[in-house]
Amino acid sequence: MLVFESASALKHRQPVVLFGEGLLGAAVAAELRLRGFRGRRIPIAWGADSGRLARQLKKVSQLDSLQGRDHLIVLWCAGAAGFGSSQDECELELADFRTVLEWTAECAGSAATGFGMLSSAGGLYEGQRLVSSRSVPAPRRPYGELKLREEDLAKQHLPVSVATRVYRLSTVFGEAPRPARQGLIAVLLENARLGRTTLISGELTTLRDFVWSGDIAQWIVRESLAGGWSDAAVEFLVAGKPTSIHEVLHVLEPLARGPVRVQFVPDVSNPEHITFSPGVYPSGWSPTDLATAVVRLGCRRTTRR
Amino acid sequence: MSDQFSEANTVVSTVTPVFRGRETLVELTRRLLSVGDSWAAAGAPMRLGEILLVDDGSTDGSAEVLDQLELEHDLVRVISLSRNYGQHPATSAGILHASGDWIVTLDEDLQHEPEDIERLLGRAVAGSEDVVYAAPSGHVHRAAYRDLASRGYKRFLAWATNNPSVREFNSFRMMRGSIARAAAAVSAHDTFLDVALTWFTNRIASVPLGLRDSRQGTSSYSVRRLISHARRALVSSQTKWLRIGALLGLLSLVCAVVLMVWLVVQRLLAPDFVQVQGWTSTMIAVTFFGGLLSCLVGVLLEYVSTLVLGAHGKPTFFVVDRRRDAELRPYFGK
């Protein structure tokens, strides 16, 4: 968990509490730092005893950063569960999420509070194509069910005074700090560099909607800092462009530092397409195209090395 | 009737590159939507999922019409290219934004009747074809010489590219979605999209349709553009011409060796045949190095042809699933 505060003393006190430092959490943290926020890491125990987590969060409430604030923003970018997670793993995440919601509700107090959470459009609309605002979520696996329940919990547990924003994301790619779960594209690039073969559950022609973590982080941070969370809303942060695995490989091959080798693992459910319809994403959202984002990702990896 | 066929799980996307479509786009969209409505009303196993209109740097006010259409109709999506790139690149852009199991491309000017989309799809599923072209059944252009020229042009391209499918190429085409997207993904600026399609499939058919060019103005295809078109088709098709160059290089070396031997024999057997001093040695040197250089260039061309094929994106293999065609056959078999 990270607690951010603006480095500028002139700005009104608007701390940002960020849960999660995986692919998206790290991108959001980087974006906040770019905007002059300083972060403080506070270790907390996930997936263990909820009471312990609640006690740790209570101590966090007493931090100076969270006192006398004008506005509090809480961002949920955490969650160890993934597409292949079991019911039990999902229940663990749900318990932690519930604890965080309760803590947020307690913190709300007299200052304005906003709660932003990441959900999974892929998990909610698995197997659906041309998903629009009229499509009905129909999760097919525990992970999708988890995300739907988290969205419902947020609506139920948080008081009306807390502005809530749900961000439904498609297939996110970017660079996650280890040991966080890496996305497909990062794995393909890394394995190409190491001369390894990547196992892909699905088929060459499977369609997904790939969206870059940098775009998502930029959007969420800008919206939350601008006080744009005036009412509860669900936003789809998706690319709006279907991309096949074949196209991904074609884009990656000239950029990878080695041959891109893949092996497709038969998975009855995963070959189904998931794509999003025109107009489902919010006005002003302009995602970076895959090729450009991959170049930026490749450049960062090269520079780091 | 809706009980007879499976749920409309098969999605059809349409893609239309737009350059000068201000007068026809509204009517085109109306008719496409009407096709989708008729399928829904008939309980067909396919549905119209999206109408993709690609603004290829239009200059006649098409952009405003496109914006309005996108506002008015949920199925319409406009993709605006940053400048004019040409019909094939614009079509590729549209294909790469399409989610459909089947993708049909058609022109902006109503030369291609949206109502014929069903016939193209029917032909495709009947024979499990991957690409079905509309074949003009009668006169397309008002002037007969243009029809003749078009046929002759395609015949020449078929010969030059060694690809008989070239004769069937038409911008009114129904393509299996996975094949179309794969071909569009590997198409570079100079790649002929239809040639790229032949890299992924040879299940190509055509359906005779009455295609009519009812445009009032002149065609946007000038002689210069047609030549450029042919060049792209040739370059995309294969590396035959590079290979011919390589073969010529090898032949040059063989001829050079034969000539050298002849010169040596002639010098030995008839030394007085050529009076000029040093002629034989000069000719041997020129012939030898000329042949060697030609051969080396030939070898280089062979490697270049391998690189070109790789750069084109011609796949080593591609996997396709045609099993779902069976779900649509009962509808077309009525």
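Scroll up for the structure.
Residues numbered from 1 in each chain as written. Chains lettered and ligands numbered in written order. Predicted model: local features only at pLDDT ≥ 70, side-chain atom pairs only at ≥ 80, totals over all residues. Heavy atoms only, no water.

Description of the pairing of strand β5 (residues 112-120) of chain A
The side chains of a regular strand alternate, first on one face of the sheet and then on the other. Residues and elements named next belong to chain A. Filter applied, for reference: Type-normalised accessible area, obtained with a 1.4 Å probe on protein chains alone, sets the label of each residue: buried when under 20%, exposed when over 50%, and partly exposed for intermediate values. Under the scheme used here, helices are H or I runs from DSSP no shorter than 4 residues and strands are E runs no shorter than 2 residues, and both carry numbers assigned from the N terminus. A pair of strands is treated as paired once DSSP finds two or more bridges between them.
Counting buried residues along β5, eight of its nine residues qualify, which places the element largely inside the surrounding structure. As judged from the six bridges shared by strand β4 (residues 71-76) and β5, these two strands associate in the parallel manner. Following the sheet pairing, I73 is matched in β5 by G114. Here β5 runs beside strand β6 (residues 162-169); their pairing, made up of eight bridges, is parallel. Residue pairing for β6: F115 is matched across the bridge by T164.

Overview of the sheet that holds strand β2 (residues 16-19) of chain A
All names here are of chain A. Which entries qualify depends on this criterion: Between N-to-C directions, angles span 0 to 180 degrees; the directions come from axes that are lines fitted to C-alpha atoms, helices contributing only their stretch in contact. By definition in these notes, contact holds between two residues if any of their heavy atoms fall within 4.5 Å.
Ordered in space as β3-β1-β2-β4-β5-β6-β11, the seven strands form an open sheet in which the pairing is mixed. The strands lining the two open edges of the sheet, one partner per strand, are β3 (37-41) and β11 (233-237). Averaged over all pairs of adjacent strands, the angle between their axes in this sheet comes to 20°, without regard to strand direction. Pairing of β2 with β4, which is carried by four bridges, proceeds in the parallel orientation. The residue of β4 that forms the bridge with V16 is I73. Sheet strands in contact with helix α5 (residues 142-157) are β4, β5 and β6, and its direction is about 165° off that of β5.

Observations concerning the side chain of A:T113
Residue and element names in this part refer to chain A. Under the convention used in this document: Pairing of N or O atoms within 3.5 Å defines a polar contact, subject to two protein rules: one partner must be a possible hydrogen donor and the other a possible acceptor, and residues neighboring in sequence count only if both atoms are side-chain atoms.
Among the secondary structure elements, T113 is positioned in strand β5. Assessed through its relative accessible area of 3%, T113 is described here as buried. Looking at T113, its side chain comes within polar contact range of the main-chain oxygen of A108, at 3.5 Å. Residue contacts for T113: discarding those within four places in its chain leaves H71, L72, T104, A108, S161, V162 and A163.

A word on the pattern of salt bridges
All names here are of chain B. Short version of the rule: Salt bridges are defined by distance alone: a side-chain nitrogen of Lys or Arg within 4 Å of a carboxyl oxygen of Asp or Glu.
Scanning all chains against the criterion turns up 26 salt bridges over all chains. For D325, the salt bridge is made with R176, and the minimal N-O distance between the two is 2.7 Å. Of this pair, D325 sits in helix α11 (residues 325-332) while R176 sits in strand β6 (residues 173-176), placing them 149 residues apart in sequence. Just as D325 is buried, R176 falls in that class too. Taken together, the shared-partner salt bridges connect D130, R176, R322 and D325 into one network.

Let's talk about helix α8 (residues 245-252) of chain A
Burial runs high along α8(A): seven of the eight residues are buried. Among the residues making up α8(A), those that are buried are A:I245, A:H246, A:E247, A:V248, A:L249, A:V251 and A:L252.

Here we look at the interface of chain A and chain B
Quick reminder of the rule: The term buried area denotes the loss of accessible surface (1.4 Å probe radius) that occurs when two parts are joined, taken as the sum for both partners. Residues are grouped as follows: Ala, Val, Leu, Ile, Met, Phe, Trp, Tyr, Cys and Pro are nonpolar; Asp, Glu, Lys and Arg are charged; all remaining types, including Gly, are polar.
Facing 15 residues of chain A, the contacting portion of chain B comprises 23 residues. Three residues stand out in chain A for area buried against chain B, namely A:R129, A:L130 and A:P278, and they jointly supply 33% of the buried area on that side. Here chain A and chain B share two salt bridges between them. Residues A:R134 and B:D74 are paired through a salt bridge, measuring 2.4 Å at the closest nitrogen-oxygen approach. Scanning the region where chain A abuts chain B turns up eight residue pairs in polar contact (both at pLDDT 80 or more). If you tally residues by element for the side of chain A that touches chain B, the top one is α8(A), at three residues. When grouped by side-chain class, the residues that make up the side of chain A that touches chain B number six nonpolar, five polar and four charged.

Function-wise, these values are silent; they only describe arrangement.
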